[in-house]
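Close look at the chain arrangement
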Amino acid sequence: GAGVSQTPSNKVTEKGKYVELRCDPISGHTALYWYRQSLGQGPEFLIYFQGTGAADDSGLPNDRFFAVRPEGSVSTLKIQRTERGDSAVYLCASSLGGENIQYFGAGTRLSVL
Amino acid sequence: AQKVTQAQTEISVVEKEDVTLDCVYETRDTTYYLFWYKQPPSGELVFLIRRNSFDEQNEISGRYSWNFQKSTSSFNFTITASQVVDSAVYFCALSGFTSGTYKYIFGTGTRLKVLA
């Protein structure tokens, strides 16, 4: 498919465990964003990559959250020592450049028990 | 600070009725973009429209139309002759070059239910 792909679509984990969420952007898109959407809320910004570097990580809630994009394409959002409050849908978006329209994936629904 | 307010949490209409979804925004940027996205039950955010702050022309696309008014900081969305397939959560979003990025600031969304 030509859209943004996120895997897994659902992830259930136990409190304290480590999880990785993957995002495959649209081919050729240099900008990649992660957002978090809690139930009944709009998505909230977490981090923005331009190429391989994190240009803005001001939305990461604490140091348990980390994201990488080593080759400027696929990105992985990593959450250490998960807490029940981390339960949400994590959305990834990509765009041709920072100023361009962002196209979103279907998200990963994370449930921390 | 940037902020988007969608005061309508949920709207229910009967098929073929017209419906307007409200969006009010706050920003100190002089150049910014406004967006509407649709989120059906599948969860994926679907892009509908982008307007930049220098273009206040209203836009129509089929049954959809948008009214952008800088004087009232509003960017409202109207669906004409609504259909059941329009049922979804609709998000308004704002993007400006704050802190060097074009991250989106979303409203809390309006859930639209179109009843047959």
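Reading guide: rules and limits
- Residues numbered from 1 in each chain as written.
- Chains lettered and ligands numbered in written order.
- Predicted model: local features only at pLDDT ≥ 70, side-chain atom pairs only at ≥ 80, totals over all residues.
- Heavy atoms only, no water.
- Helix = DSSP H or I, 4+ residues; strand = E, 2+ residues; numbered from the N terminus.
- Buried < 20%, exposed > 50% of the residue type's maximum accessible area, 1.4 Å probe, protein only.
- Polar contact = N/O pair within 3.5 Å; in protein donor to acceptor, adjacent residues only side chain to side chain.
- Pairing = 2+ DSSP bridges.
- Axes fitted to C-alpha atoms, helices over the stretch in contact; angles between N-to-C directions.
- Contact = heavy atoms within 4.5 Å.
- Buried area = accessible area lost by both parts, 1.4 Å probe.
- Salt bridge = Lys/Arg side-chain N within 4 Å of Asp/Glu carboxyl O.
- Nonpolar A, V, L, I, M, F, W, Y, C, P; charged D, E, K, R; others polar.

**Observations concerning the side chain of Asp56 of chain A**
Residues and elements named next belong to chain A. Within the secondary structure layout, Asp56 lies in strand S6 (residues 53-56). Residue Asp56 is classed as buried on the basis of its relative accessible area of 6%. In this structure the side chain of Asp56 is engaged in a polar contact, spanning 2.7 Å, whose partner is the side chain of Ser58.

**What about the sheet that holds strand S7 (residues 65-68) of chain A?**
Residues and elements named next belong to chain A. With respect to topology, four strands assemble into an open sheet ordered S1-S3-S8-S7, the strand pairing being antiparallel. Every interior strand has two partners, whereas the edge strands, strand S1 (5-7) and S7, have only one. For this sheet, the mean angle separating the axes of adjacent strands, direction not counted, is 15°. In terms of strand pairing, S1 meets strand S3 (residues 19-24) through three bridges, oriented antiparallel. Bridge pairing in S3 links Ser5 to Asp24.

**Points about the interface of chain A and chain B**
The interface is formed by 22 residues belonging to chain A together with 18 residues belonging to chain B. When chain A packs against chain B, the two sides together hide about 1600 Å² of surface, and 56% of this comes from carbon and sulfur. The largest contributions to the chain A side of the interface with chain B come from Glu99, Ile101 and Phe104 of chain A, which together make up 32% of the buried area. There are one salt bridge connecting chain A and chain B. For Lys103 of chain B, the salt bridge identified is with Asp56 of chain A, shortest N-O distance 3.6 Å. On inspection of chain A and its partner chain B, the count reaches six residue pairs in polar contact (both at pLDDT 80 or more). Within the residue set of the side of chain A that touches chain B, elements represented by two or more residues are strand S4 (31-37), strand S5 (44-50), S6 and strand S10 (103-104) of chain A. The element that contributes the greatest number of residues to the side of chain A that touches chain B is S4 of chain A, accounting for three residues. Taken together, the residues that form the side of chain A that touches chain B break down as 11 nonpolar, nine polar and two charged.

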